[in-house]
Amino acid sequence: MTQTLKDLIQQSKGKASDERFVLQNGKMLKVRVTDHIYCRAGSMIAYKGDIKFERTSGGIGKWLKKTVTGEGIPLMRASGSGELYLAHKASDITVLRLNAETVFVEGRHLLAFENTVDWDVTVIRGAGMTSGGLFTCRLTGTGFVAITSHGPVAVLEAPVSVDPDSLIGWTDGLVPQVKTDVNLKTLLGRSSGETFQLHFDGYGKVLIQPDEPVMKE
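Here the residue numbering is sequential within each chain, running from 1 through the sequence in written order. Where local features are concerned, this predicted model is filtered to residues with pLDDT of at least 70; where side-chain atom pairs are given and counted, the filter is 80 or more; whole-chain, interface and lining totals use all residues. The side-chain numbers reported here are obtained from all heavy atoms of the structure, hydrogens and water having been left aside.

Some thoughts on the overall build of the chain
Part 1: Within the chain, the regular secondary structure consists of 2 helices and 15 strands.
Part 2: Looking at the chain as a whole, 45% of its 217 residues are labelled buried.
Part 3: By definition in these notes, contact holds between two residues if any of their heavy atoms fall within 4.5 Å. Restricting to contacts in the chain with at least 6 residues of sequence separation, those with at least 24 account for 75%.
Part 4: In this description, accessible areas are obtained by the Shrake-Rupley approach with a 1.4 Å probe, and a residue is regarded as covered only by the protein chains that are shown. For the chain, the accessible area works out to roughly 11200 Å², and carbon and sulfur atoms hold 53% of it. Helix and strand assignments come from DSSP, with helices taken as H or I runs of at least 4 residues and strands as E runs of at least 2, each series counted from the N terminus. With a 1.4 Å probe rolled over the protein chains alone, any residue whose accessible area is under 20% of its type maximum counts as buried; one over 50% counts as exposed, and the rest are partly exposed.

Here's what the structure looks like:
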């Protein structure tokens, strides 16, 4: 369906909200900054008002750890007052609202979160990323979290096994277990190495994307 510029402008105006995290469209997030938030370094595409950006340091510097592939997941802090527009490689964006809850987000899919949300980072060793592991962020508390995906996010009930490249995150109470399947590699056209899967057993939900690109940051 096509639309005129006037339609697009009106659609944009219709996104006004008192919420701090609002989808400007499916691939762009608008954040109302009143103090500070954390977001993926390089994700800022525009802003209004008085907003300053700085690479995080101190405790949050653990985000700068490198995987064996040499890739990192640095964050920046955006502070001040105004409207901040974020995006990442035209990926789809989903906004989650935590209410005294915990969610685990695979690091490559974390776009932004409020400073009212506590976080910690762990690595699932041997799961993808050339067997170096996946950075996973544990987000706990009350506030908004924005995640990215290649295509709309799907939610599956555990128990379920997923390809690490398709994994977005999972709810509290689930613990991923690394599984390998040497035979599956031939069905997927992979010439060498084992195929890794993550199995989630228990009660909870797993978030996946309908694509499995090996994301290069």
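A few points about the environment of Glu54
Part 1: With respect to the helices, strands and loops of the structure, Glu54 is situated in strand β4 (residues 44-55).
Part 2: Given a relative accessible area of 36%, Glu54 falls into the partly exposed group.
Part 3: Once the C-alpha coordinates of Glu54 and Arg77 are considered, the two residues, 23 residues apart in sequence, prove to be 5.4 Å apart.
Part 4: Once residues within four sequence positions are removed from consideration, Glu54 is found in contact with Met76 and Arg77.
Part 5: Counting of polar contacts relies on pairs of N or O atoms within 3.5 Å, with two restrictions inside protein: one atom must be capable of donating a hydrogen and the other of accepting it, and residues adjacent in sequence are counted only when both atoms are side-chain atoms. Polar contacts involving the side chain of Glu54 include one to the side chain of Arg77, which spans 2.4 Å.

Observations regarding unusual backbone geometry
Part 1: Of note, the bond from Ala158 into Pro159 is cis; its omega dihedral lies within 30 degrees of zero at 5°.
Part 2: Counting through the fold element by element, Pro159 comes out in the loop between β10 (154-157) and β11 (160-162).
Part 3: Even without being a glycine, Ala90 presents a positive backbone phi close to 55°.
Part 4: Looking at the secondary structure, you find Ala90 in the loop between β5 (75-86) and β6 (92-106).
Part 5: You will see that Ala100, though not glycine, has its phi angle at about 55°, which is positive.
Part 6: Structurally, Ala100 can be placed in strand β6.

So, the nonpolar core
Part 1: Buried residues of nine kinds, namely Ala, Val, Leu, Ile, Met, Phe, Trp, Tyr and Cys, make up a nonpolar core once their side-chain atoms join them within 4.5 Å. The biggest cluster of nonpolar side chains holds 16 residues, and the ones touching the most others in it are Phe21, Leu29, Val31, Ile37, Leu84, Leu86 and Ala112.
Part 2: Looking at this core, the elements with two or more residues in it are β2 (28-33), β3 (36-40), β5, β7 (110-114) and β9 (134-149).
Part 3: Sort the elements by how many residues they give to this core and β5 lands first, with 4 residues.
Part 4: In contact with Val31, not counting residues within four places along its chain, are Arg20, Phe21, Ile37, Gly82, Glu83, Leu84 and Leu86.
Part 5: Counting 15 residues, the second largest nonpolar core, distinct from the first, contains Leu110, Cys137, Ile147 and Leu207.

Some words on the pairing of β3
Part 1: Of all the 5 residues making up β3, 4 are buried; the element is thus mostly covered by neighbouring parts of the structure.
Part 2: In short, DSSP must find at least two bridges between two strands for them to pair. With 5 bridges joining them, β3 and β5 adopt antiparallel strand pairing. Residue pairing across strands places Arg40 opposite Leu75, the latter belonging to β5.
Part 3: As defined by bridge partners, β3 adjoins β7 across 3 bridges and the pair is classed as antiparallel. Bridge pairing links Cys39 to Ala112 in β7.

Things to note about the confidence of the model for the chain
Part 1: The quantity known as pLDDT measures the predictor's confidence residue by residue, on a range of 0 to 100. Taken residue by residue, the chain gives an average pLDDT of 78. The fraction at 70 or more is 70%.
Part 2: Of all the helices and strands in the chain, helix α1 (residues 5-13) carries the lowest mean pLDDT, 48, while β2 carries the highest, 95.
Part 3: Note that pLDDT drops below 50 for residues 57-72; the model gives that stretch 35 contacts with residues more than four away or on any other chain.
Part 4: Contacts of residues 190-194 to residues separated by more than four positions or lying in other chains number 9 contacts, the stretch itself having pLDDT below 50.

Some details on the side chain of Gln209
Part 1: Secondary-structure assignment places Gln209 in the segment after β15 (205-208).
Part 2: A polar contact is formed between the side chain of Gln209 and the backbone nitrogen of His150, at a distance of 2.8 Å.

Here's the deal with the environment of Phe196
Part 1: Looking at the element boundaries, Phe196 is found in strand β14 (residues 195-201).
Part 2: With relative accessibility at 18%, the residue Phe196 sits in the buried group.
Part 3: Sequence-wise, Phe196 and Thr180 are 16 residues apart; in three dimensions their C-alpha atoms are separated by 4.7 Å.

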